[in-house]
Amino acid sequence: GESVGLHLPTLSVQEGDNSIINCAYSNSASDYFIWYKQESGKGPQFIIDIRSNMDKRQGQRVTVLLNKTVKHLSLQIAATQPGDSAVYFCAENNNNAGNMLTFGGGTRLMVKP
Amino acid sequence: EAGVAQSPRYKIIEKRQSVAFWCNPISGHATLYWYQQILGQGPKLLIQFQNNGVVDDSQLPKDRFSAERLKGVDSTLKIQPAKLEDSAVYLCASSRDTGELFFGEGSRLTVL
């Protein structure tokens, strides 16, 4: 079946550097994409989302880029902080399928002080 | 606003035993989801409710898993009998009809 996946399972960055986490998706019918952050022992927490009619969306320190041509999604975190250490998941949603999210496998971000 | 509440947080059982997890969604959220998250993987949807009706349960192993949301608010997820491969975190989430999903902290199940 179609699924969402990630290129890198682990990303290690220096505190203060920018982080880029990538995700590939294969369902061309997906029209809504979300990035979640999951800290150890907690449930996924919404970070930022983007709809398929956009190619970029910015939050406070995060930016999501969507390239529909190559079905690629990325999360950029500026000035990465130790508190950003977590596993990051991208998820896709096809609202025609009843608001069901399909999650990728996750990337662990480790921030070195 | 209170978040999604789940219990128990941790459960250890022997294989072939049964277990039940409880979820209380955010007030006013009509849609409730149960996800299974195996260690090192992303969450996988088991079942989605809209009020007290099932929207999708195509990935629920119905020979051993069951879920209900009788009054359209709280929900329970039951596993009977449990297998070793059911060891996972069971996440409950809720949302308004098509909005953001809010997740609980999960119930971690270990099957020995």
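Described below are features of the structure shown in this document.

Counting its secondary structure elements, chain A contains zero helices and 11 strands. Ordered by position from N to C terminus, the α and β elements of chain A give β-β-β-β-β-β-β-β-β-β-β. The proportion of buried residues among the 113 residues of chain A is 44%. Put simply, 53% of the contacts in chain A that link residues at least 6 apart link residues at least 24 apart. As displayed, chain A has an accessible area near 5,500 Å², and 46% of this comes from carbon and sulfur atoms.

Counting residues at the interface gives 16 residues for chain A and 22 residues for chain B. Summed over both partners, the interface of chain A with chain B buries about 1,400 Å², with 52% contributed by carbon and sulfur atoms. On inspection of chain A and its partner chain B, the count reaches zero salt bridges. Applying the counting rule to chain A against chain B returns three residue pairs in polar contact (both at pLDDT 80 or more). Of all the elements in the fold, those that place two or more residues in the side of chain A that touches chain B are strand 4 (32-38) and strand 10 (101-103) of chain A.

Right, let's get into the layout of surface pockets. Looking at the largest pocket, its volume works out to about 580 Å³. Lining the largest pocket are 31 residues, and of these A:Gln38, B:Gln37, B:Leu39, B:Gly40 and B:Arg108 sit closest to its centre. Elements represented by at least two residues in the lining of the largest pocket include exactly strand 9 (86-93) and strand 11 (107-112) of chain A together with strand 9 (88-95) and strand 11 (107-111) of chain B. Computed from the structure, the second largest pocket encloses a volume of approximately 440 Å³. Along its surface, the second largest pocket is lined by 22 residues, and A:Leu101, A:Thr102, A:Phe103, B:Leu45 and B:Gln59 are the ones closest to its centre. Element by element, the count of residues in the lining of the second largest pocket is highest for strand 10 of chain A, at three residues. Looking at the lining of the second largest pocket, its residues break down into seven nonpolar, 11 polar and four charged.

Inspection of every chain in the model, using the stated rule, returns five salt bridges over all chains. Here A:Arg61 and A:Asp84 are joined by a salt bridge, their closest N and O atoms 2.9 Å apart. Of this pair, A:Arg61 sits in the loop between strand 6 (56-58) and strand 7 (62-67) while A:Asp84 sits in the loop between strand 8 (72-77) and strand 9; the two residues are 23 residues apart in sequence, bridging distant segments of the chain. With its nearest N and O atoms 2.4 Å apart, the salt bridge here joins B:Arg64 to B:Asp86. Of the two residues, B:Arg64 sits in the loop between strand 6 (53-56) and strand 7 (65-68) while B:Asp86 sits in the loop between strand 8 (75-79) and strand 9, which places them 22 residues apart along the sequence. Of the two residues examined, B:Arg64 and B:Asp86, each falls in the buried class.

Residue and element names in this part refer to chain B. Overall, antiparallel pairing links the four strands, which are arranged 1-3-8-7 in an open sheet. Two strands bound the open sheet, and with one partner strand each, they are strand 1 (5-7) and strand 7. Geometrically, the sheet is characterised by an average inter-axis angle of 15 degrees between neighbouring strands, direction not taken into account. With four bridges connecting them, strand 7 and strand 8 associate as antiparallel partners. By the bridge assignment for strand 8, Phe65 is matched with Ile79.

About the thresholds
Throughout this description, residue numbers start from 1 for each chain and increase along the sequence as written. Chains and ligands are labelled sequentially in the order written, the chains with letters from A and the ligands with numbers from 1. Where local features are concerned, this predicted model is filtered to residues with pLDDT of at least 70; where side-chain atom pairs are given and counted, the filter is 80 or more; whole-chain, interface and lining totals use all residues. The side-chain values count all of the structure's non-hydrogen atoms but skip hydrogen atoms and water molecules. The secondary structure listing takes helices from DSSP runs of H or I that are at least 4 residues long and strands from runs of E that are at least 2 residues long, numbered from the N terminus. Residue exposure (1.4 Å probe, protein chains only): buried if accessible area is under 20% of the type maximum, exposed if over 50%, otherwise partly exposed. Whether two residues are in contact is decided by their heavy atoms, any of which lying within 4.5 Å being enough. In short, Shrake-Rupley with a 1.4 Å probe defines the accessible areas, and a residue's cover is counted only from the protein chains shown. Throughout, buried area stands for the accessible area (probe radius 1.4 Å) lost by two parts on being put together, summed over both. The rule for a salt bridge is simple: a side-chain nitrogen of Lys or Arg has to be within 4 Å of a carboxyl oxygen of Asp or Glu. We call two N or O atoms a polar contact when they sit within 3.5 Å, provided that within protein one can donate a hydrogen and the other can accept it, with sequence-adjacent residues counted only if both atoms are side-chain atoms. Think of a 1 Å grid over just the protein atoms. A cavity is a set of points where a 1.4 Å probe fits yet cannot get out, a pocket is an open set with protein on both sides within 12 Å along at least five of seven lines, and lining residues have an atom within 4 Å of a point. Grid points are joined across faces, edges and corners, and a volume is the space filled by probe spheres set on the points. Under the scheme applied here, ten amino acids are nonpolar (Ala, Val, Leu, Ile, Met, Phe, Trp, Tyr, Cys and Pro), four are charged (Asp, Glu, Lys and Arg), and all others, including Gly, are polar. At least two bridges found by DSSP between two strands is the condition for calling them paired. Every axis in this analysis is a line fitted to C-alpha atoms, fitted for helices over the stretch in contact. Angles between the N-to-C directions lie between 0 and 180 degrees.

Just geometry here; none of it tells us what the structure is for.
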